[in-house]
Amino acid sequence: MKRAKPVTDRKSGRVANAQCSMARAMAVVGDRWSILILREAYYGTRRFDEFEYYIGVAPNILSNRLKRFVDAGIMKRVPLPEHSSRYDYVLTDKGRDFFPAYLALKKWGDDWLAEPAGPQVVFREVEAGRAIEYPKLLTSGGKPLRLEDVEAVAGSGAVAFNRKRFGARSDTAPAPRSRGSRQGRK
């Protein structure tokens, strides 16, 4: 991956980070407990005491993360009819849309950190009964995508800091190809 030009204005960097979609995503899901709560939600867990039991998280931390997920629209609290003061925590469409990102992280963990016997849990397709297949990222030419095949460019919503950092390149125009170079490499 081609490196961006260093920019020395730290304040502008902080502003750019505040508006970065990755930084915003990490503010919501970027800690151990949040990912484990999502893992349990994808396993079908819905009740506070079940999240607490399966994750082994302190109640105050769990309460904080669940509130963050509800505030962010990732989960919603659904009152239990039999207990007016208790709730189920149910994934919203926004929470369900994080599932592919969760699977990518799980695959990396399964590939690099699982015990020799293999992963603890696998996901199967309900209808076919087979383990899901993780899609490979491919170049436009159909070859496996490698980091060396990618460059970061300023997106349509880039703040001035990132437009300067990534130069004149943008997501709307292809990067110029130098003679004899591979696409995406400089």
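Cut-offs used in this document
- For every chain, the first residue of the written sequence is number 1, and numbering continues from 1 along that sequence.
- Two thresholds apply to this predicted model, a pLDDT of at least 70 for residue-level local features and 80 or more for giving and counting side-chain atom pairs, whereas whole-chain, interface and lining totals are computed over all residues.
- Only hydrogens and water are set aside; all other atoms, that is, all heavy atoms of the structure, feed into the side-chain values.
- Each helix is a run of H or I in the DSSP string that is no shorter than four residues. Each strand is a run of E no shorter than two, and both are numbered from the N terminus.
- For every residue, the accessible area obtained with a 1.4 Å probe (protein chains only) is divided by the maximum for its type, and the residue is called buried under 20%, exposed over 50%, and partly exposed between those limits.
- The method behind every accessible area is Shrake-Rupley, applied with a 1.4 Å probe, and residues are considered shielded solely by the protein chains displayed.
- In this scheme, strands are said to pair when DSSP sees at least two bridges between them.
- What counts as a ring pair is set by centres within 6.5 Å for rings of Phe, Tyr and Trp (its six-membered ring), and what kind of pair is set by the plane angle: stacked under 30 degrees, edge-to-face over 60, tilted for all other angles.
- Here, a salt bridge means any side-chain nitrogen of Lys or Arg that lies within 4 Å of a carboxyl oxygen of Asp or Glu.

Q: Looking at this structure, I do not really get the overall build of the protein chain. What am I missing?
A: Scanning the protein chain from terminus to terminus reveals eight helices and two strands. In sequence order, the protein chain lays out its α and β elements as α-α-α-α-α-β-β-α-α-α. Counting the 186 residues in the protein chain, one finds 25% classified as buried. Surface summary for the protein chain: the accessible area is close to 13700 Å², and the carbon and sulfur share equals 53%.

Q: What is the right way to look at the pairing of strand β2 (residues 83-91) in this model?
A: Looking along a regular strand, one sees side chains alternate from face to face of the sheet. Of the pairings in the sheet, the one linking strand β1 (residues 75-80) to β2 comprises six bridges and is antiparallel in character. Paired with V78 across the two strands is D88, which belongs to β2. Counting the residues that bridge the hairpin from β1 to β2 gives two residues.

Q: Even after reading the chapter, I still don't get the packing of aromatic side chains, so can you show me in this structure?
A: For any pair of aromatic rings, geometry is given as the distance between the ring centres together with the angle between the planes. Enumeration according to the criterion identifies seven aromatic pairs in this entry. For the ring pair Y42 and F99, a centre distance of 4.9 Å and an interplane angle of 65° mean the geometry is edge-to-face. Placement of Y42 in helix α3 (residues 32-43) and of F99 in helix α7 (residues 99-112) is noted, with a sequence separation of 57 residues between them. Among the residues examined, F99 registers a relative accessible area of 26% and is labelled partly exposed. Relative to Y102, the ring of Y42 has its centre 5.2 Å away and its plane inclined at 50°; by these criteria the two rings are tilted.

Q: Teacher, can you tell me more about the pattern of salt bridges here?
A: Side chains that differ in sign of charge can pair as their charged atoms come close. Using the criterion set out here, one finds 11 salt bridges in the structure. A salt bridge links D110 to K106; its shortest N-O distance comes to 2.7 Å. One end of the pair is D110 and the other is K106, both in helix α7 and four residues apart, which spans about a single turn. Residue classification places K106 among the buried residues on the basis of a relative accessible area of 12%. Its salt-bridge partner being D111, residue K107 comes within 2.6 Å of it at the nearest N-O pair. Taken together, the residues span about one helical turn, with K107 and D111 both in helix α7 at a distance of four residues. Taking the relative accessible area as the measure of exposure, K107 reaches 29% and is therefore partly exposed. Overall, the relative accessible area of 48% leaves D111 in the partly exposed class. A single salt-bridge network, built from bridges that share partners, covers R46, R47, E82 and D88.

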